[in-house]
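# Residue-level structural notes
For reference, the chains in residue letters:
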Amino acid sequence: MNDIININLYSDTQTRPSAGMLRAMGEAEVGDEQHRQDPSVNHLCRKTADLLGKEAALFLPSGTMCNQIAILVHCSPGDEIIADKTAHIFTSESGGPAALAGAMVFPLEGENGIFNADQVHESIRGSSLHEPRSRLVVVEQTSNRGGGSIWPLERLQEIHDASKEHGLMVHMDGARLMNASVATGVPASDYAETVDSLWIDLTKGLGCPVGAVLAGTQEFIDAAWRWKHRLGGAMRQAGVIAAAGIWALDHHIQRLAEDHENARIMEQRISAINGMKVDPSPQSNLVFFDVSGTGWDARDISKELRKQEIWIGVIDQNNMRAVTHLDVSQSQIHQAMDALNTLVN
Ligand SMILES: *Cc1c(COP(=O)(O)O)cnc(C)c1O
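Residues numbered from 1 in each chain as written. Predicted model: local features only at pLDDT ≥ 70, side-chain atom pairs only at ≥ 80, totals over all residues. Heavy atoms only, no water.

### A look at the overall build of the protein chain
Counting its secondary structure elements, the protein chain contains 14 helices and 13 strands. Relative to a compact globule of 345 residues, whose C-alpha radius of gyration would be 20 Å, the protein chain shows 20 Å and is just as compact. Its C-alpha atoms give the protein chain principal-axis dimensions of roughly 60 × 55 × 35 Å. With 345 residues in all, the protein chain has 54% of them scored as buried. Within the protein chain, the 44 negative side-chain charges are centred at a point lying 5 Å from the centre of the 28 positive side-chain charges. (Helix = DSSP H or I, 4+ residues; strand = E, 2+ residues; numbered from the N terminus. Rg over C-alpha atoms; globule rule 2.2 N^0.38 Å. Buried < 20%, exposed > 50% of the residue type's maximum accessible area, 1.4 Å probe, protein only. Lys, Arg positive; Asp, Glu negative; His and termini not counted. Charge placed at Lys NZ, Arg CZ, Asp CG, Glu CD.)

Printed below as a string of structure tokens:
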């Protein structure tokens, strides 16, 4: 297999730091982050808390650690987490909720990763000591396995109200929250208002090499700091990487609109290929498509494209996922689509 990848549509995690970002990293003011003395980390946390309208924030190495620490703070062993069955916390975090917090899971059957308030009401356990305690509802904005689908603000408000009626906490996996915000024009803080805790990933569409920021009340963040230390997530001169995050918040948010435009172009190009079907219609930067009508196995398509230095991810033998991001230009999107079209025709 060719290791050189020219057009990388595998994931928005594949970006390399831009020249401006690297310069900002090189010039970062630093201190000891464990002692909360790193000015760049402190600045990034303040900036993110303000962006999300929350009291405080915490810099962590990854989004996965943000999710797991939030679960650890909100849940005691035996407590139950309600989320869509496709949620990243259920499918892609190595069983973290069970292994770390000792939490039970209650997977819901949503539509493209999005469930409703009735489903929350129906999933609440009774007060009998035989039953686990319903404790936390998790929403994913945008829903990754749901095709980058966007939770409408009203739906999130309904989920919030239903959860609070039963005394539950609500957490948002906001790996691609900024994509949702740019796509809809709804401020991130409006989405954030419907949840107790949330985080944004710096390494997805925002294009940083490392890091994610978790936000919530001061009390929540104080508790999260303890877990950050316990899990080995407390760092030293982390300002070098926090500076990339600050750069991204200043320069890489509005441009997410280009990624969404490129995803729509890709949808049109793929839909025009005989036997290919895009589903669902992309609302942000993720494009899921079914290739079964072409007679090709998705794994073979991916392999053949790799020979042309193009990488598109495989979901299973019939389905693929292509992701747009700041390292793929519109002309590269067309180039990749030309190659895909030529290959299967
Ligand atoms: C990528 C992703 C995560 C995990 O983030 P990392 O920074 O890769 O640990 C969590 N949730 C969703 C929806 C994601 O797409």
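### Re the sheet that holds strand E5 (residues 134-140)
Within the open sheet, the seven strands sit side by side as E2-E8-E7-E6-E5-E3-E4. Their pairing is mixed. Unpaired on one side and paired on the other, strand E2 (56-60) and strand E4 (104-108) mark the two borders of the sheet. Each strand axis lies, on average, 20 degrees off the axis of its neighbour in the sheet, ignoring direction. Lying on the sheet, helix H7 (residues 153-165) is in contact with E5 and strand E6 (169-174); it crosses E6 at an angle near 150 degrees. (Pairing = 2+ DSSP bridges. Axes fitted to C-alpha atoms, helices over the stretch in contact; angles between N-to-C directions. Contact = heavy atoms within 4.5 Å.)

### So, the packing of helix H8 (residues 177-184) against helix H12 (residues 256-271)
Running from N to C, H8 and H12 point in directions that differ by 80 degrees, and their axes come no closer than 9 Å. With respect to H12, the element H8 is oriented roughly perpendicular. Of the residues in H12, those touching H8 at Met178, Asn179, Val182 and Ala183 are Leu256, Ala257 and His260. Grouping the amino acids of the contact of H8 with H12 by side-chain chemistry returns five nonpolar, two polar and no charged. (Parallel < 35°, antiparallel > 145°, perpendicular 65-115°, else oblique. Nonpolar A, V, L, I, M, F, W, Y, C, P; charged D, E, K, R; others polar.)

### Observations regarding the domain arrangement of the protein chain
Taken domain by domain, the protein chain consists of domain 1 (7-14 + 255-344) and domain 2 (19-251). Using C-alpha coordinates to define each centre, domain 1 is positioned 28 Å away from domain 2. Counting residues at the interface gives 14 residues for domain 1 and 21 residues for domain 2. Together domain 1 and domain 2 conceal approximately 1,400 Å² of surface at their shared face, both sides included; 55% is due to carbon and sulfur atoms. Of all residues in domain 1, the largest losses of buried area upon contact with domain 2 belong to Asp12, Leu256 and Gln283, amounting jointly to 36% of the total for that side. Joining domain 1 to domain 2, the criterion identifies one salt bridge. A salt bridge links Asp12 to Arg176; the shortest N-O distance between them is 2.8 Å. Connecting domain 1 to domain 2 are five residue pairs in polar contact (both at pLDDT 80 or more). Elements that contribute at least two residues to the side of domain 1 that touches domain 2 include exactly H12 and strand E10 (286-290). Within the side of domain 1 that touches domain 2, the residues separate by chemical class into six nonpolar, five polar and three charged. (Domains from an automatic or database assignment. Buried area = accessible area lost by both parts, 1.4 Å probe. Salt bridge = Lys/Arg side-chain N within 4 Å of Asp/Glu carboxyl O. Polar contact = N/O pair within 3.5 Å; in protein donor to acceptor, adjacent residues only side chain to side chain.)

### Brief notes about the site of the ligand
Inspection of the region around the ligand gives 15 residues, with Gly63, Thr64, Asp173, Asp201 and Lys204 positioned closest. Contact distances for the ligand include 3.1 Å between an oxygen atom and a side-chain N or O atom of Asn144. Lys204 is positioned with one of its side-chain polar atoms (N or O) 2.9 Å from an oxygen atom of the ligand. Relative to its free-state accessible area of 370 Å², the ligand is covered by the protein chains to the extent of 86%. Elements supplying a minimum of two residues to the shell around the ligand: helix H3 (63-74) and strand E7 (197-201). A per-element tally of the shell around the ligand places H3 first, with three residues. Class assignment of the residues belonging to the shell around the ligand gives a composition of two nonpolar, seven polar and six charged. (Near = heavy atom within 4 Å. Areas by Shrake-Rupley, 256 points an atom, 1.4 Å probe, with all protein chains shown as cover.)

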